[in-house]
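# Observations on the three-dimensional arrangement
One letter stands for each residue in the lines below.
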Amino acid sequence: MKSYHKELWLQIPARMDFINITSDVERALQESGIQEGLCLVNAMHITASVFINDDEPGLHQDYKRWLEELAPHEPLTRYQHNRTGEDNGDAHHKRQIMGREVVVAVTKGRLHFGTWEQIF
Amino acid sequence: MKSYHKELWLQIPARMDFINITSDVERALQESGIQEGLCLVNAMHITASVFINDDEPGLHQDYKRWLEELAPHEPLTRYQHNRTGEDNGDAHHKRQIMGREVVVAVTKGRLHFGTWEQIF
Amino acid sequence: MKSYHKELWLQIPARMDFINITSDVERALQESGIQEGLCLVNAMHITASVFINDDEPGLHQDYKRWLEELAPHEPLTRYQHNRTGEDNGDAHHKRQIMGREVVVAVTKGRLHFGTWEQIF
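The structure reproduced in this document is the subject of the present report. Only a predicted model underlies this, so the values are computations on that prediction, with no experimental measurement involved. (Residues numbered from 1 in each chain as written. Chains lettered and ligands numbered in written order. Predicted model: local features only at pLDDT ≥ 70, side-chain atom pairs only at ≥ 80, totals over all residues.)

### Digging into the overall build of chain A
Threshold: Counting from the N terminus, the helices are DSSP H or I runs at least four residues long and the strands are E runs at least two residues long. With C-beta atoms placed from the backbone, a residue is labelled by how many other C-beta atoms lie within 10 Å of its own: buried for 20 or more, exposed for 12 or fewer, partly exposed between the two. Each residue is represented by a C-beta atom placed from its backbone, and any two residues with such atoms within 7 Å are regarded as in contact.
Broken down by element type, chain A carries three helices and five strands. With the principal axes as the frame, chain A shows a C-alpha extent of 50 × 30 × 20 Å. Burial status across chain A gives 34% buried among its 120 residues. Pairs at least 24 residues apart make up 70% of the contacts formed inside chain A by residues separated by at least 6 positions.

The structure is reproduced here in structure tokens:
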């Protein structure tokens, strides 16, 4: 069985933002030479997510507002986790909504995607 | 490594509904002849989910009400995404709760499931 | 392709609790002798979750409170599912937030984890 892994490093200035990494994943897939199989894309930090959805700026604004409603950043005292000196209790919750990882089918060397699927 | 893929097409008249596709997935697995490995089942549209839970009608009613609470369909103006002319902003959110995909272990040619696990 | 599976049985006295199973999964991986590939860890009961996050007690308290807000256990009549005689309607919802499964990359015989990733 052929196997390939690659780590991507991203700098995200904002507290919460969505970065389209689809072309990075496609490049890694080409480098691998793998034609058929499964492609796992996962965050390696526990306050980050990898998810698949639409690359539409209005939707991303909606997600930000909604995630803030479901798990507000403030007040920081809302989260016992923040007593450790961190201020990212909310991000640990938001990541559970959006998910840690995606698994994508690889068919004929391509990500087997529906029309609008993009990886963030 | 053996690999097999199949696309299922579903017509769902209601705005939100749950379709049990477990037997479709089992049939595809039998067609594949695969005995050991991983079975990925994913939605290819970004307003749809694939998830595993109980095939119990009361639970499905509960999910519908709950998802509507977490990400209401109306007012349509709630979602910037709907400014694109779509009216499915809510569905993009509901799908993040329910998940895009499941990965199921295949053991001796069968989906390695607990007693009540069914794929929707 | 090499394949290995193992079922873990856990007794959890509380209605909701988080058990770190990372070392159990690492042990199973060592038993398998697999060096490169994917490791699927999934719950086999539909009111249980497998997720990856921080092993920090304050965070786990936060998750418990938050999940109880998103899908309260009581009143039991909140869930049509409980009309079947069960009282676990809430747990079927909580599990959708936290997820059924994780898929972890295996590199050089180890779970390919970020610093703080632990499996619960």
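### Some points on the nonpolar core
Quick note on the threshold: We define a nonpolar core as a collection of buried residues of the types Ala, Val, Leu, Ile, Met, Phe, Trp, Tyr and Cys that are connected via C-beta atoms lying within 7 Å of each other.
Val41, Val102 and Ile119 of chain A, Val102 of chain B together with Val41, Val102 and Ile119 of chain C are the most contacted members of the largest nonpolar core, which has 35 residues in total. Elements with a minimum of two residues in this core: helix H1 (22-32), strand E1 (37-42) and strand E3 (101-107) of chain A, strand E1 (37-42) and strand E3 (101-107) of chain B together with helix H1 (22-32), strand E1 (37-42) and strand E3 (101-107) of chain C. If we ignore the near neighbours within four places in the chain, the residues touching valine 102 of chain C are Arg100 and Glu101 of chain A together with Val41, Val50, Phe51, Ile52 and Ile119 of chain C. Among the nonpolar cores identified, the runner-up in size contains 21 residues, and Ala71 of chain A, Leu59 and Leu70 of chain B together with Leu70 of chain C belong to it.

### Digging into the sheet that holds E3 of chain B
Residues and elements named next belong to chain B. Short version of the rule: In this scheme, strands are said to pair when DSSP sees at least two bridges between them.
Taken in spatial order, the three strands line up as E1-E3-E4 in an open sheet, and their pairing is antiparallel. Since the sheet does not close on itself, it has two edges, and those belong to E1 and strand E4 (110-111), each with one partner. Judged from the six bridges that link them, E1 and E3 form a sheet pairing that is antiparallel. Bridge assignment links asparagine 42 to a residue of E3, and that residue is glutamate 101.

### Observations concerning the interface of chain B and chain C
Put simply, the rule reads: Polar here means any residue outside two lists: the nonpolar Ala, Val, Leu, Ile, Met, Phe, Trp, Tyr, Cys and Pro, and the charged Asp, Glu, Lys and Arg; Gly therefore counts as polar.
Counting from both sides, the interface comprises 25 residues of chain B and, opposite them, 23 residues of chain C. Mapped onto the side of chain B that touches chain C, the elements with two or more residues apiece are E1, strand E2 (52-53), helix H2 (57-70), helix H3 (89-98) and E3 of chain B. Looking at which element gives the most residues to the side of chain B that touches chain C, the answer is H2 of chain B, with five residues. The residue makeup of the side of chain B that touches chain C, split by class, is 12 nonpolar, eight polar and five charged.

### A word on the relation of the copies chain B and chain C
Both copies of the chain are placed relative to one another by a rotation about an axis and a shift along it. For the record, the criterion: For the least-squares superposition of copies, only C-alpha atoms count, and only for residues with pLDDT at least 70 in both.
Under the fitted operation, chain B is carried onto chain C by 0.0 Å of movement along the axis and a turn of 120°, and the coordinates agree to an RMSD of 0.0 Å. The symmetry that links the two subunits is that of a three-fold axis.

### Things to note about the environment of aspartate 90 of chain C
Residues and elements named next belong to chain C. Along the chain, aspartate 90 turns up in helix H3 (residues 89-98). Residues aspartate 90 and valine 104, 14 residues apart in the sequence, show an inter-C-alpha distance of 28 Å. Aspartate 90 has contacts with Ala71, Pro72, His73 and Tyr79, leaving out every residue within four places of it along the chain.

### Description of the sheet that holds E3 of chain A
Within the open sheet, the three strands sit side by side as E1-E3-E4 (chain A). Their pairing is antiparallel. Bordering the open sheet on either side are E1 and strand E4 (110-111) of chain A, each of which pairs with just one other strand.

### Topic: the environment of threonine 77 of chain B
As for its position among the elements, threonine 77 of chain B is in the loop between H2 and H3. As a C-alpha pair, threonine 77 of chain B and aspartate 87 of chain B span 10 residues in sequence and 9.1 Å in three-dimensional space.

### Remarks on the interface of chain B and chain A
Across the boundary between the two partners, chain B contributes 23 residues, which contact 25 residues of chain A. Elements with a contribution of two residues or more to the side of chain B that touches chain A: E1, H3 and E3 of chain B. For the side of chain B that touches chain A, the leading source of residues is H3 of chain B, giving five residues. Taken together, the residues of the side of chain B that touches chain A sort by class into nine nonpolar, 11 polar and three charged.

### Considerations on unusual backbone geometry
Residue and element names in this part refer to chain A. In this model, glutamate 74 is joined to proline 75 through a cis peptide bond whose omega is 0°. Considering the arrangement of structural elements, one finds proline 75 in the loop between helix H2 (57-70) and helix H3 (89-98). One non-glycine residue, lysine 108, lies in positive phi territory at about 50°. Turning to its location among the elements, lysine 108 is positioned in the loop between E3 and E4.

Nothing here speaks to function; it is geometry throughout.
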